[in-house]
Amino acid sequence: MSDNVRTYTGEHADETEQETTDDEEERLVCPECGGQLATDTEHGETVCADCGLVVEEGEIDRGPEWRAFDASEKDEKSRVGAPTTNMMHDKGLSTNIGWQDKDAYGNSLSSRQREKMQRLRTWNERFRTRDSKERNLKQALGEIDRMASALGLPDNVRETASVIYRRALDEDLLPGRSIEGVSTSSLYAAARQAGTPRSLDEIANVSRVEKDEIARTYRYIVRELKLEIKPADPESYVPRFASDLDLSEEAERRARQLLSTAKEQGVHSGKSPVGLAAAAVYAASLLTNEKVTQSEVSEVANISEVTIRNRYHELLEAEEEIAMP
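### Here's the deal with the packing of aromatic side chains
In step 1: Inspection of the entire model under this criterion finds three aromatic pairs.
In step 2: Seen in terms of ring centroids, Tyr 188 and Tyr 218 are 4.8 Å apart; in terms of plane orientation they differ by 65°. Their pairing is edge-to-face. Taken together, the positions of Tyr 188 in helix 6 (residues 179-193) and Tyr 218 in helix 8 (residues 211-225) put the pair 30 residues apart, joining distant regions of the chain.

### Structural notes on helix 10 (residues 249-265)
In step 1: Compared with the 24 Å implied by 1.5 Å per residue over 17 residues, the 25 Å span of helix 10 between its first and last C-alpha is a close match.
In step 2: Three or more residues of helix 10 are buried, namely Ala 251, Ala 255, Leu 258, Leu 259, Thr 261 and Ala 262. All buried residues of helix 10 fall inside an arc of 160° around its axis, so they share one side. Residues of helix 10 that are exposed and point more than 90 degrees away from the buried face comprise Glu 249 and Glu 264.

### Observations regarding unusual backbone geometry
In step 1: Residue Asn 289 is not a glycine yet carries a positive backbone phi of 60°.
In step 2: Among the secondary structure elements, Asn 289 is positioned in the loop between helix 11 (273-287) and helix 12 (294-301).
In step 3: A relative accessible area of 65% places Asn 289 in the exposed class.
In step 4: The phi dihedral of Asn 302 falls on the positive side, at around 60°, and the residue is not glycine.
In step 5: Within the secondary structure, Asn 302 is located in the loop between helix 12 and helix 13 (305-323).
In step 6: With a relative accessible area of 29%, Asn 302 lands in the partly exposed category.

### A closer look at the nonpolar core
In step 1: Counting residues in hydrophobic clusters, the biggest one holds 36 residues, and the most contacted among them are Leu 153, Ile 164, Tyr 165, Leu 187, Leu 225 and Leu 227.
In step 2: Elements with a minimum of two residues in this core: helix 4 (132-151), helix 5 (155-170), helix 6, helix 7 (200-206) and helix 8.
In step 3: Non-local contacts of Ile 164, meaning those with residues more than four positions away in its chain, are made with Ser 186, Ala 189, Ala 190, Gln 193, Ile 221, Leu 225 and Leu 227.
In step 4: Membership of the second largest hydrophobic core comes to 30 residues, among which are Ala 278, Val 281, Val 297 and Ile 308.

Criteria and thresholds
Along each chain, residue indices are assigned from 1 in the same order as the chain's sequence is written. The predicted nature of this model means local features are confined to residues of pLDDT at least 70 and side-chain atom pairs, given and counted, to a pLDDT of 80 or more, with totals for whole chains, interfaces and linings taken over all residues. Hydrogens are left out, water is left out, and the side-chain values use all remaining heavy atoms of the structure. Classification of ring pairs uses Phe, Tyr and Trp, with its six-membered ring standing for Trp, and accepts pairs whose centres are within 6.5 Å; under 30 degrees between planes counts as stacked, over 60 as edge-to-face, and the remaining range as tilted. Helix numbering and strand numbering both begin at the N terminus, where a helix is a DSSP run of H or I of at least 4 residues and a strand a DSSP run of E of at least 2. Multiplying 1.5 Å by the helix residue count minus one yields the expected span of that helix. Buried means the residue's accessible area, taken with a 1.4 Å probe over protein chains only, is under 20% of the maximum for its type, while exposed means over 50%, and partly exposed covers the values in between. Think of the arc as the fan of directions from the helix axis to the C-beta atoms. In these notes, a set of buried Ala, Val, Leu, Ile, Met, Phe, Trp, Tyr and Cys residues joined through side-chain atoms within 4.5 Å is what counts as a nonpolar core. Only heavy atoms enter the contact rule, under which two residues are in contact if any of them lie within 4.5 Å.

Structure representation (structure tokens):
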């Protein structure tokens, strides 16, 4: 009896295996012409490469929703774990222990467990920096992040500033200079490169070092790293000043026209771009009947009222010369 059962089971397994093989072959070849099938992931279809018959459609695409055209773009868009970033000294590859004293279910930890987690956080912070160079980098990147937040600068500027500081550290430009001075200069250079410049006075207000040291260190870094930074364009300051003063788009457009005329007349040569932008915004507000005071513009632009008055007259004179036949 047992032999008969074993025999029956073996025959049944052979038949099942044969049916599975046949099904696989049917799925691999076209049912019409017997040609080879190809999967079109873009349209979610399985088609015959020979006759073009659509065998299956509406397939589920289990790949990512984004497309990448080269290896670097693929690495950048991949979301397997947190993305790497130059804004952290270890590029975000180390472990972070959250500050919340809660477990996976959201329940508060006991006092003994809280003490244990605090000790783990302390040791984790110590292990994240292996030597003095990494401690230096961690402090500098923290300064860059703090100042960028205070100045309202976007992430791309912070990333660029972090790269500039890393280059300065790798090329041994820090001896004899403070960490705060080099990090501030890196942020100042990155903001100008990105077309979202901040004046030296604004940078100095949020920095821990003096304005003269920032300017001196900035010139040194730009020269040694051979950074290509164009002179600041007065028009790049106009949107921020106009936004802070709640001016209309018409006033902002008029300010740009005044600065464009000043460039044609050569008035901008040798003048502070911040002063020219502030004067243009002030003049535009008067011309469009959106009157703001010189003191308000002075506070927003962080520049003296005397400078605004002087540049204001120069801009209007340049406008009049263009208008004259």
